[in-house]
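Observations on the model geometry
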Amino acid sequence: MEKLRNVLKENGIQVTKQRLAVYKVLKELNTHVTAEMVLDVLKQRGISMTVATVYNILNLFEEKGLIRKVGAAGEPVIFDINTYEHIHICDQETRKVRDCQDMALVQMIEAYLREHPVGDLELERVDISLIGKDLTLHT
Ligand SMILES: [Zn+2]
């Protein structure tokens, strides 16, 4: 718990009991989550929070770079504890998300954008979500 507390501090997040509880759940689940998924785990542990509070905490974590939003548009918003560069494969029907490590694709797009900068955008990072029918889910 002390280690988690320090991670929050290092990211400029004031530590509160609720924030610590949410971060602990994120670390344990270690996958793509919605606010509702986090809330369910908190409930199982007898920790009571509103979905709005969980959302606010997740958005704060995202703002501070501790987690990322998965690029696929739609509700509910999906958050990712893994902030290293990777691609998301999103199933259109179930909205399940899995990671893909095709760094060649990321590098190709980054190289292209260096050659052909997008006019009015100061590029921060490339976020790739591939959306379709994930055949590993539908057989
Ligand atoms: Zn991911």
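Residues numbered from 1 in each chain as written. Predicted model: local features only at pLDDT ≥ 70, side-chain atom pairs only at ≥ 80, totals over all residues.

**Observations regarding the overall build of the protein chain**
Helices and strands together make up the secondary structure of the protein chain, namely 5 helices and 6 strands. Counted from the first residue to the last, the protein chain has its helices and strands arranged as α-α-β-α-α-β-β-β-β-α-β. Projected onto its principal axes, the C-alpha coordinates of the protein chain cover approximately 50 × 40 × 25 Å. Taken over 139 residues, the protein chain has a buried fraction of 18%. (Helix = DSSP H or I, 4+ residues; strand = E, 2+ residues; numbered from the N terminus. Buried ≥ 20, exposed ≤ 12 C-beta atoms within 10 Å, placed from the backbone.)

**What to know about helix α5 (residues 103–115)**
Here α5 is 13 residues long and its end C-alpha atoms lie 18 Å apart, about the 18 Å a rise of 1.5 Å per residue gives. Across the 13 residues of α5, 0 count as buried, placing the element largely on the outside. (Expected span 1.5 Å × (residues − 1).)

**With respect to the sheet that holds strand β3 (residues 79–80)**
Spatial ordering of the open sheet is given by β1-β3-β2, a layout of 3 strands whose pairing is antiparallel. Looking at strand neighbours, the two that pair on one side only are β1 (32–33) and β2 (68–69), the edges of this open sheet. Relative to β3, β2 runs antiparallel, the two being bridged by 2 bridges. Within β3, the position partnered with K69 by the bridge is F79. (Pairing = 2+ DSSP bridges.)

**Digging into the nonpolar core**
One finds V22, L26, V38, V54, L58 and I67 to be the most contacted residues of the largest nonpolar core, which totals 21 residues. Contributions of two or more residues to this core are made by α2 (17–29), α3 (35–44) and α4 (51–63). (Core = buried A, V, L, I, M, F, W, Y, C linked by C-beta atoms within 7 Å.)

**Points about the packing of α2 against α4**
Across the interface, α2 lies against α4 with an axial gap of 10 Å and an inter-helix angle of 75°. Between α2 and α4, the angle falls in the class roughly perpendicular. For the pair α2 and α4, contact is made by Q18, R19 and V22 and by T53, V54 and I57, respectively. A per-class count over the contact of α2 with α4 returns 3 nonpolar, 2 polar and 1 charged. (Axes fitted to C-alpha atoms, helices over the stretch in contact; angles between N-to-C directions. Parallel < 35°, antiparallel > 145°, perpendicular 65-115°, else oblique. Contact = placed C-beta atoms within 7 Å. Nonpolar A, V, L, I, M, F, W, Y, C, P; charged D, E, K, R; others polar.)

**Some details on the packing of helix α1 (residues 2–10) against α2**
At a minimum axis distance of 10 Å, the contact between α1 and α2 shows a crossing angle of 105°. It follows from the interaxial angle that α1 and α2 lie roughly perpendicular. Of α2, the residues touching α1 (which contributes L4, R5 and L8) are R19, L20, Y23, K24 and K27. Here the contact of α1 with α2 is composed, by residue class, of 4 nonpolar, no polar and 4 charged.

**Some remarks on the domain arrangement of the protein chain**
As far as domains go, the protein chain holds domain 1 (2–80) and domain 2 (87–132). Inter-centroid distance (C-alpha atoms) of domain 1 to domain 2 is 24 Å. In this assembly, 6 residues from domain 1 lie in contact with 7 residues from domain 2. Within the side of domain 1 that touches domain 2, the residues separate by chemical class into 3 nonpolar, 3 polar and no charged. (Domains from an automatic or database assignment.)

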